[in-house]
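Summary of the model geometry
Residue-level listing of the chains:
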Amino acid sequence: MMVVCLVFAFNGFGQGINFFKGNYQEALEKAAAANKLVFIDFYTEWCGPCKLMAKDVFTDKNVGDYYNEKFIAIQLDAEAPANKSVVKQFKVNSYPTLAYLRADGKVILLATGSSSVEEFIKQGKVATGDELGFEDLYAKYKSSKNDLDILQQLLKEAPSFVSAQEDRK
């Protein structure tokens, strides 16, 4: 019985995102050396949605599989004095704020609020270019002369796109 428990405990270890234990600049350097993008989770200790993301999304095996392959991921406490300049640089004012960057620090995508596992993986795929974002899908639809498959995909994405735009106001 004890062996079974240990096997389950061991198999559950490290299935989610392996967050880099360093500062912002070190994460950029590591990403450049590994030819990866950077994912930043700006959180606060008191933020309920941040805690839900940490508990339910960042620990998911599928999230870990994708993000560990594509990103150097780092969590930054937005209220920590050491992170003040980075928080200011990205104009973080709501939590969680999720930033996707190139290794040179250029922003690819900024998102706010919590999301489901599926939405979070899609967000990562849009940041890496593995999937088209709403604006790119719309451009593709306009140039495709009424492709119904693209229109259907566009309509599925519209509610979350509109919601994200309203959050930024």
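The present account deals with the structure reproduced in this document. Bear in mind the structure is a predicted one, so any value in this text is a computation, not a measurement.

Below, the discussion takes up the sheet that holds strand E3 (residues 97-101). Ordered in space as E2-E1-E3-E4, the 4 strands form an open sheet in which the pairing is mixed. One side of each edge strand has no neighbouring strand; the edge strands of this open sheet are strand E2 (71-77) and strand E4 (107-112). Averaged over all pairs of adjacent strands, the angle between their axes in this sheet comes to 15°, without regard to strand direction. Examined bridge by bridge, E3 and E4 share 5 bridges and lie antiparallel to one another. Directly across from Leu98, in E4, lies its bridge partner Ala111.

Let us look at the packing of aromatic side chains. Counted under the stated rule, the structure contains 15 aromatic pairs. Ring geometry for Phe19 against Phe58: centres 5.3 Å apart, planes inclined by 70°, an arrangement best described as edge-to-face. Of the two residues, Phe19 sits in the loop between helix H1 (2-12) and helix H2 (24-34) while Phe58 sits in the loop between helix H3 (48-57) and helix H4 (61-70), which places them 39 residues apart along the sequence. Three or more aromatic residues joined by ring pairs form one cluster here, namely Phe19, Phe39, Phe58, Tyr66, Tyr67, Phe71, Tyr100 and Phe120. Its guanidinium or amino end placed over the ring of Tyr66, Lys125 lies 5.7 Å from that ring's centre, counting from NZ or CZ.

Linking two cysteines covalently via their sulfur atoms produces the bond known as a disulfide. Here the structure, examined in full by the defined rule, presents 1 disulfide. At a sulfur-sulfur separation of 2.4 Å, the disulfide partner of Cys47 is Cys50. Judged by the sign of its S-S torsion, about 80°, the cystine formed by Cys47 and Cys50 is right-handed. With respect to class, Cys47 is no different from Cys50; both count as buried.

About the thresholds
Within each chain, residues carry numbers counting from 1 in the order of the written sequence. Where local features are concerned, this predicted model is filtered to residues with pLDDT of at least 70; where side-chain atom pairs are given and counted, the filter is 80 or more; whole-chain, interface and lining totals use all residues. Side-chain metrics rest on all non-hydrogen atoms present in the structure, leaving aside hydrogens and water. A pair of strands is considered paired only if DSSP assigns at least 2 bridges between the two. Only runs of H or I of at least four residues qualify as helices and only runs of E of at least two qualify as strands under DSSP, and these elements are numbered from the N terminus. Orientation is described by lines fitted to C-alpha atoms, with helices fitted over the stretch in contact, and by angles between N-to-C directions that extend from 0 to 180 degrees. The aromatic pairing rule takes the rings of Phe, Tyr and Trp, using the six-membered ring of Trp, and pairs them if the centres are within 6.5 Å, calling planes under 30 degrees apart stacked, those over 60 edge-to-face and the rest tilted. The criterion is that NZ of a Lys, or CZ of an Arg, lies within 6 Å of the ring centre and within 35 degrees of the ring normal, and then a charge sits over that ring. Note on terminology: disulfide denotes any pair of cysteine sulfur atoms within 2.5 Å. Here the term buried applies to any residue with accessible area under 20% of the maximum for its type, exposed to any over 50%, and partly exposed to those in between, with areas from a 1.4 Å probe on protein chains only.

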